[in-house]
Amino acid sequence: MESSTSHSSPLSRRQFVGAAGLAGMGMFAANSMQAAEGSPAPTSTGLFDVPRNSKGEYGLPPLPYAYDALEPHIDAETMRLHHDIHFEGYRTGLNKAIAKMTEFRQKGEFPEISYWENQLAFNGAGYNLHTVFFENMAPAGTTEPSAAVDKILADAFGSRKAFQEQFSAASKAVQGSGWGILGYQPFGKRLVILQAEKHQNLTQWAVIPILALDVWEHAYYLKYQNKRGDYITNWWKVVNWDNVEQRLEAAMKVT
Ligand SMILES: [Fe+2]
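Bear in mind the structure is a predicted one, so any value in this text is a computation, not a measurement.

(A) Region of the structure containing the overall build of the chain. What the chain contains, in helices and strands, is 8 helices and 2 strands. Each helix (α) and strand (β) of the chain, taken in turn from the N terminus, gives the series α-α-α-α-α-β-β-α-α-α. Within the chain, residue pairs in contact and separated by at least 24 positions form 56% of the contacts whose partners lie at least 6 positions apart.

What follows is the structure, encoded as structure tokens:
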């Protein structure tokens, strides 16, 4: 079986992170799971467990199985292009957008901010969703739904079969490019199936909202009419920073 990574020793994640930490600054800590030959079904140890280097730049999570491991259902060449070219493109685009934002903040000027926010969202969403997508797959026949998964899906959707039918229908009905996504909604503590027809719509999937400013006209038009900037300036005077801190603390505990 062709391996997509150069790592061959079966280090545990903890051992590997430690080894990577000792390997020197500037290297990406490959703290996402690595392919372990012979292991039937790779599992992630964290929801947002992606490689970062000492500057905080994102690395490319290695494919957790060989390029041809999903044959004949998904061919090796598709996997190679998808992971090594497309996923890599999102990674570099995300790092570039973050660097641009840093540069803008340092200068105190935000030229072409809408373009760069769109780049941040498009590439950030692509990076996050592809990380989940590649980890969500394993060679055919190596895993099956446990009783626990069946129960969770049955509680949420009636049955796993019903979940799969709705998920398939939603995914099939995506107009153009996009995703079908099973997600957990913290506010309602419920599972939801979502169509993401354009993941670049100025959001990054998996982001937990901390501080939200409503700039729909209904939020300010009676008082401010078309002066959205004045509304934003004054909105900062009524922000509840205690609540922001509570939300930050809670969100930053999610791993
Ligand atoms: Fe993709």
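Now that the structure has been shown, the text picks up again.
(B) Spotlight on the environment of Arg247. With respect to the helices, strands and loops of the structure, Arg247 is situated in helix 8 (residues 241–251). As for Arg247 and Pro209, which are separated by 38 residues in sequence, their C-alpha atoms are 8.4 Å apart.

(C) Spotlight on the nonpolar core. One finds Tyr90, Leu94, Ala121, Ala125 and Tyr127 to be the most contacted residues of the largest nonpolar core, which totals 14 residues. Those elements that provide at least two residues to this core are helix 2 (76–107) and helix 3 (113–135). Broken down by element, this core gets its largest block of residues, 6 residues, from helix 3.

(D) Here's a closer look at unusual backbone geometry. Geometrically, the link from Glu71 to Pro72 is a cis peptide bond, its omega value of 0° lying close to zero. Here Pro72 shows up in the loop between helix 1 (13–22) and helix 2. You will see that Glu112, though not glycine, has its phi angle at about 50°, which is positive.

(E) How the structure looks around the environment of Arg91. Within the secondary structure, Arg91 sits in helix 2. For the pair formed by Arg91 and Glu57, sequence separation is 34 residues and the distance between their alpha carbons is 9.0 Å. Excluding residues within four positions of it along the chain, Arg91 makes contact with Tyr58, Leu60 and Tyr127.

(F) Quick look at the pairing of strand 1 (residues 179–185). Pairing geometry for strand 1 and strand 2 (residues 190–196), over 7 bridges, is antiparallel. Directly across from Gly183, in strand 2, lies its bridge partner Val192. Joining the antiparallel neighbours strand 1 and strand 2 is a turn of 4 residues, in which Lys189 adopts a positive phi near 50°.

Parameters at a glance
Residues numbered from 1 in each chain as written. Predicted model: local features only at pLDDT ≥ 70, side-chain atom pairs only at ≥ 80, totals over all residues. Helix = DSSP H or I, 4+ residues; strand = E, 2+ residues; numbered from the N terminus. Contact = placed C-beta atoms within 7 Å. Core = buried A, V, L, I, M, F, W, Y, C linked by C-beta atoms within 7 Å. Buried ≥ 20, exposed ≤ 12 C-beta atoms within 10 Å, placed from the backbone. Pairing = 2+ DSSP bridges.

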